Amino acid sequence: MNHILPDLDSPVAVVGGGVAGIWAAYKLIKAGIPTTLITYLDKDRGGIQGSTYRSVGAINTSPLTNHDFASYMDDLGRKCAHPFVTQALQQYLKDEIDELSSLVALKPIKIGLALESESGKSFLQYMYELFESLGGRIINAWVTRLVMDKNVCQGLQYEKNGYIGKLRCRAIILASGGYAGLYSNSINTNCFGTILSRFMECGGSATNLEFIFQHGYGNIDTNDLTPTEEIAGA
């Protein structure tokens, strides 16, 4: 039997607490927009935080120096890069790196920069604490339903340990990561692809950089994959 939690409200919900999710949530709360971050931190359903948790936080700075970066992205993404990715990187990357370097120590590496601590895990923990210190809310749960259509976003439903909660919000950012669902120890639920598809069917945009590689969702070990370009809205 599921227990019902009290309903919550937040203008914006960010789903996913990796580097993309926590950075988006941090920027929103810093701009004065009340924001709720939903991410699963326990171990029974993954608790890995994708590549961020495992990584050394490498940042490819080629957009800042490559004079033909648009062609480079076209080649890398086999002509399938999101049309706004190149422009966004060239327009915002320098300022975001400057802000990041004011928060944590970075060091030069061959492709650009990386966390001096060499620990994505410690970086995430630091950002969670910073986000909460600015008034952000973190919910340790997984999302099971989005309530939206192309005209309005009403919110989402989340679940943890037999408890179900609702978060009413006017906007949702799905920061799930491009490789979500590919890892054998990723979040153990068969509804994630459905949620992503629902998000894009309702007008959401898939702008994560990982989408340029046209990989699939599912179990890579059994080759049971759905290519991202076959998901409605991708």
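Residues numbered from 1 in each chain as written. Predicted model: local features only at pLDDT ≥ 70, side-chain atom pairs only at ≥ 80, totals over all residues. Heavy atoms only, no water.

(A) Spotlight on the environment of G135. Note on placement: G135 falls in the loop between α6 (120-133) and β8 (137-140). Separated by 99 residues in sequence, G135 and T36 have C-alpha atoms that sit 9.5 Å apart. (Helix = DSSP H or I, 4+ residues; strand = E, 2+ residues; numbered from the N terminus.)

(B) Expanded view of the environment of Q157. Considering the arrangement of structural elements, one finds Q157 in strand β10 (residues 153-160). Spatially, the C-alpha atom of Q157 lies 9.9 Å from that of A141, the residues being 16 residues apart in sequence. When neighbours within four sequence positions are excluded, Q157 is seen to be in contact with W142, V143, T144, R145, I164 and G165. (Contact = heavy atoms within 4.5 Å.)

(C) Here's a closer look at the packing of helix α1 (residues 19-30) against helix α5 (residues 85-103). One can describe the packing of α1 onto α5 by two numbers: an axis separation of 13 Å at closest approach and a directional angle of 90°. When the interaxial angle is binned, α1 and α5 end up roughly perpendicular. Contacts between α1 and α5 involve W23, Y26, K27 and K30 on the former and, on the latter, E96, E99, L100 and L103. (Axes fitted to C-alpha atoms, helices over the stretch in contact; angles between N-to-C directions. Parallel < 35°, antiparallel > 145°, perpendicular 65-115°, else oblique.)

(D) Main features of the sheet that holds strand β3 (residues 12-15). Strand order in this open sheet of four strands is β8-β4-β3-β12, and the pairing throughout is parallel. Pairing within the sheet leaves two strands with one partner each, and these edge strands are β8 and β12 (171-174). Strand-to-strand twist of the sheet, defined as the mean angle between neighbouring strand axes without regard to direction, takes the value 20°. Across four bridges, β3 lies against β12 in parallel orientation. (Pairing = 2+ DSSP bridges.)

Spatial relationships are all this shows, so hold off on functional conclusions.
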